[in-house]
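# Observations on the three-dimensional arrangement
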Amino acid sequence: MATVTTRVLRGTPRNLNRLAAALRRGELVAVPTETVYGLAGDALNPDAADAIFAAKGRPANDPLIVHLHDRRQLASLAVVNESALKLARAFWPGPLTLVLPKLPAVPDRVTSGHASVAVRVPSHPLFRKLLRLCGRPLAAPSANLFGYLSPTTAEHVRAGLGGRIRSILDGGPCAFGLESTIVDLRDEARPALLRPGALAREAIEAVLSRKLRVPAQPAGGDRAQVVAPGQLTRHYSPRTPLVLHASLPAAAVVARHSQEVFVFLARPPTPHPANVRWLDERGDLRGVARRLFAELRALDDGAWKKIHVELARGDDGWGPAINDRLHRAAAKR
Ligand code: TXA
Ligand code: MG
């Protein structure tokens, strides 16, 4: 792939107008969202979709999420049902993605040939301005090289996609730090949770007044067996070996493994050895989620032999999404 100069741009009116014009011409722009940074292209232009897959090194059979400015645009792209309307009213703009039967307006290359399309209305103010100015739905996967940790700052995007894309819109660190929750509503009678994420499952179940099914994950992450596309077992992976723990060892044990780093959810009691990190001062899981990918990236750039991480406890709220990303990141190649 030919190398281009990558510019990181602030969200001034002039920059936003230029980026909107570039998107309408079929160019790609990395954008901030409330979850993670996305690599956006015109969702109605199949060539833009191809360019997204090429820039990320992403296999063409892993479909893209389409982002809308307004939930009223949904009916032009997907077959809408009552459950979708309820969830859209309750949670959009926000970190919820709905999978619905697609209409012909959505190119097959965006959905990797599937008869369904994944859609969300994001809440990040700069991305919303860009969506409005550009006037098109924008397809955007996370703006990382395929398989690596998702980016939560403009600098993370540059580290992975620098030289491969022209423009990165800098909207500061992402508020949530983990991807959207994906709900399959193709069959309203059997709604399914395809990916736990930044919106808690319980909140969705409360609005639908029914439980979400969780489709079985294929064993071994074999692409040929993937039922929910893109949900490979191995994903979000640092290069450094990652070891997960229900609870991390005591300070004396940690100190003996000085070439390995130990990441706690909360700040452990002082004094602690130099190879100790924590994700949130008090272990608040919202704070843990926000920092998780950024901390793993920073440690991956260091010389550590192993990264040990403490798993979140609890099977509600943020816990399942955090542990899902950790398990995928730690899965064997
Ligand atoms: O928070 C997010 O969702 C971020 C930001 C940028 O919006 N996007 C994101 O996209 O995480 P990505 O491409 O990294 O993950 C999208 C996943 C796919 O891997 C696939 O599992 C699922 O969405 N998906 C997309 N279209 C689908 C479809 N038609 N049916 C089932 N799953 C689909
Ligand atoms: Mg991704």
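In short, a report on the structure. The model shown is predicted, which means the values in this text are computed figures rather than measured ones. (Residues numbered from 1 in each chain as written. Chains lettered and ligands numbered in written order. Predicted model: local features only at pLDDT ≥ 70, side-chain atom pairs only at ≥ 80, totals over all residues. Heavy atoms only, no water.)

## So, the nonpolar core
Of all hydrophobic cores here, the largest spans 43 residues; its most connected members are L39, L96 and I204. Among the secondary structure elements, those contributing two or more residues to this core are α2 (46-56), α3 (82-91), β5 (96-101), β6 (116-120), α5 (154-161) and α6 (201-208). Counting 29 residues, the second-largest nonpolar core is a separate cluster that includes A312, A321, L326 and A330. (Core = buried A, V, L, I, M, F, W, Y, C linked by side-chain atoms within 4.5 Å. Buried < 20%, exposed > 50% of the residue type's maximum accessible area, 1.4 Å probe, protein only. Helix = DSSP H or I, 4+ residues; strand = E, 2+ residues; numbered from the N terminus.)

## Observations regarding the sheet that holds strand β2 (residues 29-31)
If you trace the ten strands from one edge of the open sheet to the other, you get β1-β8-β2-β3-β7-β4-β6-β5-β9-β10, paired in mixed fashion. At either margin of the open sheet sits one strand with a lone partner, and together these are β1 (7-9) and β10 (192-195). Of the strand pairs in this sheet, strand β3 (residues 38-42) and strand β7 (residues 138-139) are connected by two bridges, and their pairing is antiparallel. Note that in β7 the partner of D42 across the bridge is L138. (Pairing = 2+ DSSP bridges.)

## A closer look at the pairing of strand β9 (residues 181-184)
What you see with β9 is no split at all: T181 and V183 on one side and I182 and D184 on the other are buried throughout. For β5 and β9, the ladder comprises four bridges, and the chain directions are parallel. When the sheet's bridge partners are listed, L96 is paired in β9 with T181. Bridge analysis of β9 against β10 gives three bridges, and the strand direction is antiparallel. Of the residues in β10, the one forming a bridge with I182 is R195.

## Some remarks on helix α8 (residues 285-300)
When the terminal C-alpha atoms of α8 are compared, their 22 Å separation across 16 residues agrees well with the 22 Å that a helix rising 1.5 Å per residue should span. Of all the bends found along α8, the most pronounced is centred on R291 and spans about 45°. Burial runs high along α8: twelve of the 16 residues are buried. Those residues of α8 that fall on the buried side of the exposure criterion are L285, G287, V288, A289, L292, F293, A294, E295, L296, R297, L299 and D300. (Expected span 1.5 Å × (residues − 1). Bend = angle between axes of the 7 residues up to and from the residue.)

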